[in-house]
Amino acid sequence: MSVSVQSGSVFYGRSEGARLGFSISVAGDIDGDGFADLIFGAPGATIRAADGSFVSILAGEAVLVRGSAQGFAPLTRLAIAAGDPMFTVFEGSQAQARTGSAVAGGGDIDGDGYGDLLIGAPFRDGTAGTDAGSAFAVFGGDGALAGWQAGAPGAGSVSQELLGGTLRSYGGYSVAMVGDIDGDGLVDAAIGLPGASLGTRFGAGAVEVRFAGSGDRDLETGTAPGSGLTIFGAAALDYAGAAISAAGDFNGDGIGDLLIGAPMAAGGALQSGAAYVVFG
């Protein structure tokens, strides 16, 4: 089956194997121009030097498409559009990190009036070990677009790296803007770590809900008081956090709620899976 675009636009990835469209999301208004923006993940992207040689295989990337009154051509090849100010590429800096495996937007985490982004890199190695994973929070405004440095926050970059806290926790496997979970008037962010463990619950999985705050931190062990909470899967090998989403105000109490997928949970039968609604 083929998809034909009769009214709209199609965007093609920058390179062979990039897998643009593996993840997609509305990004909100990142640059404050009054037009909605979009974010596309391409976790298979390989970063190359100017001479075409490989630098970081499967580093991955995410592409921000900035909306405008002019719109876009029916077809855009991002490789040809390099340098166009309407596109910003957030490149992964580490081979095999698969940056862009998950993307999310449409929320204003820091309350400055600009839309913000979440970009997952679930196979990024960190101080916690192999495949600990990361999620990058990129704050809106022109500074965010200019300040990104090769997939990781650098000096003056308007972003944070949220680190998976243990070996193979796969932090950033899923990311979501989940509304106002704690009732402080600001949008909260959720990051899935489906490989995370708690005690003997190996691979139970976890979801970190990040409240308003600042600074890079460990998603599982470095949460500052009042800055977030971690929800762990009920049993070993549940892989809770493989999927997460805002649930709206499911119980009508005026506070946002959260959906968590645990696809390997044994409820009615082995690996029958489970989905949880967590009230804010």
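Remember, it's a predicted structure, so these values are computed and weren't measured experimentally.

Cut-off values and rules
- Residues numbered from 1 in each chain as written.
- Predicted model: local features only at pLDDT ≥ 70, side-chain atom pairs only at ≥ 80, totals over all residues.
- Heavy atoms only, no water.
- pLDDT = per-residue confidence, 0-100.
- Contact = heavy atoms within 4.5 Å.
- Pairing = 2+ DSSP bridges.
- Helix = DSSP H or I, 4+ residues; strand = E, 2+ residues; numbered from the N terminus.
- Axes fitted to C-alpha atoms, helices over the stretch in contact; angles between N-to-C directions.
- 1 Å grid on protein atoms, 1.4 Å probe; cavity = no way out; pocket = protein on both sides within 12 Å on 5 of 7 lines; lining within 4 Å.
- Points joined across faces, edges and corners; volume = space filled by probe spheres on them.
- Nonpolar A, V, L, I, M, F, W, Y, C, P; charged D, E, K, R; others polar.
- Buried < 20%, exposed > 50% of the residue type's maximum accessible area, 1.4 Å probe, protein only.
- Salt bridge = Lys/Arg side-chain N within 4 Å of Asp/Glu carboxyl O.

Here's the deal with the confidence of the model for the protein
Part 1 of the reasoning: On average, residues of the protein score 84 in pLDDT, and 83% of them are at 70 or above.
Part 2 of the reasoning: Taken together, the stretch residues 149-156 has pLDDT below 50 and engages in 16 contacts with residues farther than four places along the chain or on a different chain.

Brief notes about the sheet that holds strand 3 (residues 37-42)
Part 1 of the reasoning: As summarised here, the arrangement of the four strands in space is 2-3-6-8, forming an open sheet in which the pairing is antiparallel. Pairing within the sheet leaves two strands with one partner each, and these edge strands are strand 2 (23-28) and strand 8 (87-91). This sheet shows a mean twist of 20 degrees between the axes of neighbouring strands, independent of strand direction.
Part 2 of the reasoning: Across five bridges, the pairing between strand 2 and strand 3 is antiparallel. By the bridge assignment, serine 23 is partnered in strand 3 with glycine 41.

Looking at the layout of surface pockets
Here the idea is plain: a probe the size of a water molecule rolls over the atoms and shows the empty space left.
Part 1 of the reasoning: Approximately 210 Å³ is the volume attributed to the largest pocket.
Part 2 of the reasoning: Along its surface, the largest pocket is lined by 13 residues, and Phe22, Pro43, Ser101, Phe123 and Tyr173 are the ones closest to its centre.
Part 3 of the reasoning: For the lining of the largest pocket, the per-class residue count stands at eight nonpolar, three polar and two charged.

As for the environment of phenylalanine 202
Part 1 of the reasoning: Assignment of secondary structure puts phenylalanine 202 in the loop between strand 14 (189-193) and strand 15 (206-210).
Part 2 of the reasoning: Of the residues examined, phenylalanine 202 reaches a relative accessible area of 53% and is grouped as exposed.
Part 3 of the reasoning: In sequence terms phenylalanine 202 and tyrosine 239 are 37 residues apart; their C-alpha atoms lie 9.3 Å from each other.

Some remarks on the pattern of salt bridges
Part 1 of the reasoning: Per the counting criterion, the structure on display carries four salt bridges.
Part 2 of the reasoning: Taking the shortest distance from any N to any O, the salt bridge between arginine 14 and glutamate 61 comes out at 2.8 Å. Of this pair, arginine 14 sits in the loop between strand 1 (10-12) and strand 2 while glutamate 61 sits in strand 6 (residues 61-65), and the two are 47 residues apart along the sequence.
Part 3 of the reasoning: Residue class for glutamate 61 comes out buried when judged on its relative accessible area of 2%.
Part 4 of the reasoning: Here arginine 66 makes a salt bridge to aspartate 31, at a shortest N to O gap of 2.8 Å. Of this pair, arginine 66 sits in the loop between strand 6 and strand 7 (75-77) while aspartate 31 sits in the loop between strand 2 and strand 3, and the two are 35 residues apart along the sequence. Residues arginine 66 and aspartate 31 agree in their burial class; the two are buried.
Part 5 of the reasoning: Among the ionic contacts, a cluster of salt bridges with common partners joins Arg14, Glu61 and Glu91.

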